[in-house]
Amino acid sequence: MNKYDSLTLKQQLNKEGHYWVEKPERAELIIVNTCAVRLHAENRALGRLKTLIGLKKRRSNIQIGIMGCVAQELGAKLFGILHGIDFVVGTDQVDVIADIASGVLEPATYTNVNSDFFGLDTSAFIPKNQVSSFVTIMRGCNNLCSYCIVPYVRGRERSKPEREILSEIQQNINRGIKEIILLGQNVNSYKYGNIYFHNLLRSIITINGVKRLRFVTNHPKDFSDEILDIVKEYSQIIPPAFHLPLQSGSDKILSAMNRKYDLKHYMKMIENIYQRFSNAAISTDIIVGFPGETEHDFKVTLETMRAVKFAGSFSFRYSVRPGTYAASLEDDVPEKTKIGRLQQIIDLSIKLAEKYSQELIGTVQQVLVNGIDKKDPSLFKGTAPSGRNVLIVTHKSLENGDIIPVYIESATAWVLKGRDNSLC
Ligand code: SF4
């Protein structure tokens, strides 16, 4: 979501006549988009801002602003923490930044909650050659997982009207976009009037020109068979690649995290997926060292990862996030144990990812071309339906946005390499 906000803001500022410079030393306007999900991320953002404010000593005409979740969380207090900052813009007011930059609005604190705001719609000025585009369908979250600050900084769940989503996607397609990635804290709980997420998927599929459709993030308690049925029906367009955050394999920890599902439910969902798609790419998030996590709880998480055969995992070591319910629990897993457990999770994730990728050797993948490899410009690059990056050997001149069959010849954990199969 942060990446989406940054990209669309960049596009909007471009449209207003501002341009991007590579080094902050050359900028007249510096905006730091912040994540508050871990205290560590927040502290790093504040540290970065302090350094950037130092640039004002040499050039006093620089404007420096902070946006995103830390801005929403701390609001005007940031002026006391970061002397020299010019403006603070919360999660629902990104649209004021262009006006601040143009001098129409005063640099100040803008953190009002606006439940009608779904991010900047910049589909009308997408750069040429861009292949994929995010489209926000909902914002906020009602789930209140005990470790998570998101519902407090991004607000409660609200869904964007279907007609606005369809029109934004149509605009994207008109600008040459081939792949749409639907975004939301929990896309599965999309509901606008009597339109649910699976209804929305069906409507999007009818838009001519959507070559590939993906969505993040799912919540295991809301991921339904109706979604799987649509993916099955349209798997040429909606690949069977699902991000389903497990967080822990232990029911005791899942309950303490307030995740609202247990392992049995999660595994049933996985079984349903594999019954329909033996080649599904299932990825996940794992937190280790949550308060109360014993060695046994941790082992169950490792076993679950092996049983699911995750194609990819994002793993984190628990740290106290002030402002959440879990911050009231004793952080009783020693740091050394957390580090050790995290390493085991990372090692296992890489092994599982390698295994997943290697099973694709000898198959033909439909690859969406998105450019030329930076390291070896003789190769094109793209993404497979699973989301894996693919390096393509071909004698043809491919265009961004082409979907071509690629015979996979080799694989590492995250990258596949193969030959343009349309040549054979
Ligand atoms: S589902 Fe849980 S972890 Fe995800 S954003 Fe909502 S509260 Fe946070």
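Caption draft 1: Representation of the overall build of the protein within the structure. Counting its regular elements, the protein contains 13 helices and 19 strands. Overall, the protein is about 60 × 55 × 45 Å in size when its C-alpha atoms are taken along their principal axes. A buried classification covers 51% of the 424 residues belonging to the protein. Sequence-distant contacts, at least 24 apart, represent 70% of the contacts inside the protein between residues at least 6 apart. Only carbon and sulfur atoms are counted for the fraction: they give 52% of the accessible area of the protein, which is about 19600 Å². Side-chain charges in the protein split into 53 positive and 45 negative, and the spacing between the mean points of these groups amounts to 4 Å.

Caption draft 2: Broad picture of the sheet that holds strand S8 (residues 179–183). Across the sheet, which stays open at both edges, the 3 strands sit in the order S5-S8-S11 with parallel pairing between neighbours. Every interior strand has two partners, whereas the edge strands, strand S5 (132–136) and strand S11 (212–216), have only one. Adjacent strand axes in the sheet meet at a mean angle of 25 degrees, parallel and antiparallel pairs treated alike. Strand direction decides the pairing type here: S8 and S11, joined by 5 bridges, are parallel. Residue Ile180 lies in a different strand from S11, and its bridge partner there is Leu213. Taken strand by strand, helix H7 (residues 162–174) contacts S5 and S8, and its axis lies near 165 degrees from that of S5. Running at roughly 155 degrees to S11, helix H8 (residues 197–205) makes contact with S8 and S11 of the sheet.

Caption draft 3: View of the domain arrangement of the protein. Taken domain by domain, the protein consists of domain 1 (2–110), domain 2 (123–358) and domain 3 (364–423). Look at where the C-alpha atoms of domain 2 and domain 3 centre, and you get two points 26 Å apart. Counting residues at the interface gives 18 residues for domain 2, matched by 20 residues for domain 3. Buried area between domain 2 and domain 3, summed over both chains or domains, comes out near 1400 Å², and the portion from carbon and sulfur atoms is 58%. Looking at the side of domain 2 facing domain 3, the largest losses of area belong to Val131, Arg212 and Ser357, adding up to 39% of the total buried there.

Caption draft 4: The arrangement of the site of the ligand in detail. Around the ligand lies a shell formed by Cys141, Asn143, Leu144, Cys145, Tyr147, Cys148, Val150, Pro151, Gln185, His219 and Arg259. In terms of residue class, the shell around the ligand is built from 7 nonpolar, 3 polar and 1 charged.

Caption draft 5: Spotlight on the sheet that holds strand S12 (residues 241–243). Taken together, the 3 strands give an open sheet; going across it, the order is S12-S13-S14, and neighbouring strands pair in parallel fashion. Among the strands making up the open sheet, the edge pair consists of S12 and strand S14 (312–317). Neighbouring strand axes in the sheet, compared pairwise and without regard to direction, differ in orientation by 10 degrees on average. The sheet contact formed by strand S13 (residues 281–288) and S14 spans 6 bridges and is parallel. Counterpart to Ser283 in the pairing with S14 is Gly312.

Caption draft 6: A look at the nonpolar core. Ile169, Leu182, Phe197 and Phe215 are the most contacted members of the largest nonpolar core, which totals 53 residues. Counting 23 residues, the second-largest nonpolar core is a separate cluster that includes Val32, Ile62, Val70 and Ile85.

Caption draft 7: Structural view of the pattern of salt bridges. Under the criterion given, the structure shown has 22 salt bridges. Across the salt bridge formed by Glu271 and Lys268, the nearest N and O atoms sit 3.7 Å from each other. Highlighted residues: Glu271 and Lys268, both in helix H11 (residues 263–276), separated by 3 residues, approximately one helical turn. Exposure remark for Lys268: the relative accessible area of 43% places this residue in the partly exposed category. Of the charged contacts in the structure, one is a salt bridge between Glu295 and Lys299, with a shortest N-O distance of 3.1 Å. You can see Glu295 and its partner Lys299 sitting in helix H12 (residues 295–308), 4 residues apart, about one turn around the helix. The class for Glu295 is partly exposed, based on a relative accessible area of 39%. The class for Lys299 is partly exposed, based on a relative accessible area of 35%. Linked by salt bridges that have partners in common, Glu293, Glu295, Lys299 and Arg341 make up one network.

Caption draft 8: Looking closely at the pairing of strand S15 (residues 364–372). Bridging between S15 and strand S18 (residues 403–411) involves 5 bridges; their strand directions are antiparallel. Within the sheet, the bridge partner assigned to Gln366 lies in S18 and is Pro405. Here 4 bridges tie S15 to strand S16 (residues 380–383), and the two strands are oriented antiparallel to one another. Counterpart to Leu368 in the pairing with S16 is Thr383.

Caption draft 9: Quick look at a nonpolar patch on the surface. A contiguous nonpolar surface patch, about 240 Å² in accessible area, is contributed by Ile350, Trp414 and Val415. If you trace the backbone, Ile350 turns up in helix H13 (residues 335–358). In this structure Ile350 comes out as partly exposed when scored by relative accessible area, which is 35%.

What counts and what doesn't
Residues numbered from 1 in each chain as written. Predicted model: local features only at pLDDT ≥ 70, side-chain atom pairs only at ≥ 80, totals over all residues. Heavy atoms only, no water. Helix = DSSP H or I, 4+ residues; strand = E, 2+ residues; numbered from the N terminus. Buried < 20%, exposed > 50% of the residue type's maximum accessible area, 1.4 Å probe, protein only. Contact = heavy atoms within 4.5 Å. Areas by Shrake-Rupley, 256 points an atom, 1.4 Å probe, with all protein chains shown as cover. Lys, Arg positive; Asp, Glu negative; His and termini not counted. Charge placed at Lys NZ, Arg CZ, Asp CG, Glu CD. Pairing = 2+ DSSP bridges. Axes fitted to C-alpha atoms, helices over the stretch in contact; angles between N-to-C directions. Domains from an automatic or database assignment. Buried area = accessible area lost by both parts, 1.4 Å probe. Near = heavy atom within 4 Å. Nonpolar A, V, L, I, M, F, W, Y, C, P; charged D, E, K, R; others polar. Core = buried A, V, L, I, M, F, W, Y, C linked by side-chain atoms within 4.5 Å. Salt bridge = Lys/Arg side-chain N within 4 Å of Asp/Glu carboxyl O. Patch = residues over 30% accessible without salt bridge, like charges linked within 9 Å, V, L, I, M, F, W, Y side chains within 5 Å.

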